[in-house]
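Spelled out from the first residue to the last, the chains are:
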Amino acid sequence: MARRKKGQERRIAAERIDVLFQMAEREGHADHLARSDRYVELARKIGMRYNVRLPSEYKRRVCRECHAYLLPPKTARIRIGESRVVTTCLRCGAVMRFPYLREQKMRRRQ
Ligand SMILES: [Zn+2]
């Protein structure tokens, strides 16, 4: 029973994180980047509190160092390498490298 309740809480937490990232994106496109950062911060707090990991597509949207919302080209610069995506946070200069997932999946299929 307790476990079931916890699962429900985590599901709700994941949904709230979804909504917060959607709002962060919308505000970012409207140049309200301070609001985007605030929504991302809330999403991270919810994730920590309910032990919900941010999905990888959202993790790429948050600076590892300063936790700013990364919205290229406004707050981040993105370079596509051979097998990875290199994201530079334009606020603090942190460089993050992510594997290029689409490419990896194609390779696995071959
Ligand atoms: Zn940063």
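Higher on the page you've got the structure.
Just so it is clear, the structure is predicted and the values come from calculations on it, not from any experiment. (Residues numbered from 1 in each chain as written. Predicted model: local features only at pLDDT ≥ 70, side-chain atom pairs only at ≥ 80, totals over all residues.)

**Student:** Any chance you could explain the environment of Tyr69 here in plain terms?
**Tutor:** Here Tyr69 shows up in the loop between α3 (56-59) and β1 (76-80). A C-alpha to C-alpha distance of 9.6 Å links Tyr69 and Tyr58, two positions 11 residues apart in sequence. Setting aside its immediate chain neighbours within four residues, Tyr69 contacts Ala24, Gly28, Leu33, Ser36, Asp37, Val40, Arg61, Val62 and Thr75. (Helix = DSSP H or I, 4+ residues; strand = E, 2+ residues; numbered from the N terminus. Contact = placed C-beta atoms within 7 Å.)

**Student:** Help me understand the pairing of strand β3 (residues 95-99) in this model?
**Tutor:** Taken residue by residue, a regular strand's side chains alternate between the two faces of the sheet. Taking burial as the measure, the 5 residues of β3 include 0 buried ones, a minor fraction of the element. In this structure, strand β2 (residues 84-89) lies alongside β3, joined through 5 bridges in antiparallel fashion. Considered in β3, the bridge of Val85 is made with Phe98. Connecting β2 to the antiparallel partner β3 that follows it, the hairpin turn spans 5 residues, and Gly93 within it adopts a positive phi of roughly 85 degrees. (Buried ≥ 20, exposed ≤ 12 C-beta atoms within 10 Å, placed from the backbone. Pairing = 2+ DSSP bridges.)

**Student:** Would you explain the sheet that holds β3 in this entry?
**Tutor:** Across a sheet, strands are paired by hydrogen bonds formed along the backbone, either parallel or antiparallel in direction. Strands sit in the order β1-β2-β3 across an open sheet of 3 strands; the sheet is antiparallel. Bordering the open sheet on either side are β1 and β3, each of which pairs with just one other strand. On average, each strand axis in the sheet is inclined to that of its neighbour by 20 degrees, with strand direction left out of account. Pairing of β1 with β2 involves 5 bridges; the strand directions are antiparallel. In the strand pairing of β2, Arg79 is matched with Val86. (Axes fitted to C-alpha atoms, helices over the stretch in contact; angles between N-to-C directions.)

**Student:** What is the right way to look at unusual backbone geometry in this model?
**Tutor:** Along the chain, Pro72 connects to Pro73 via a cis peptide bond; the corresponding omega equals 0 degrees. Unusually for a residue other than glycine, Asp31 sits at a positive phi of about 65 degrees. For Asp31, the location among the structural elements is in the loop between α1 (2-29) and α2 (33-49). With 11 C-beta atoms counted inside 10 Å, the residue Asp31 sits in the exposed group. In the Ramachandran plot, Asn51 falls in the positive-phi region, its phi being about 60 degrees despite a non-glycine side chain. Checked against the element boundaries, Asn51 lands in the loop between α2 and α3.

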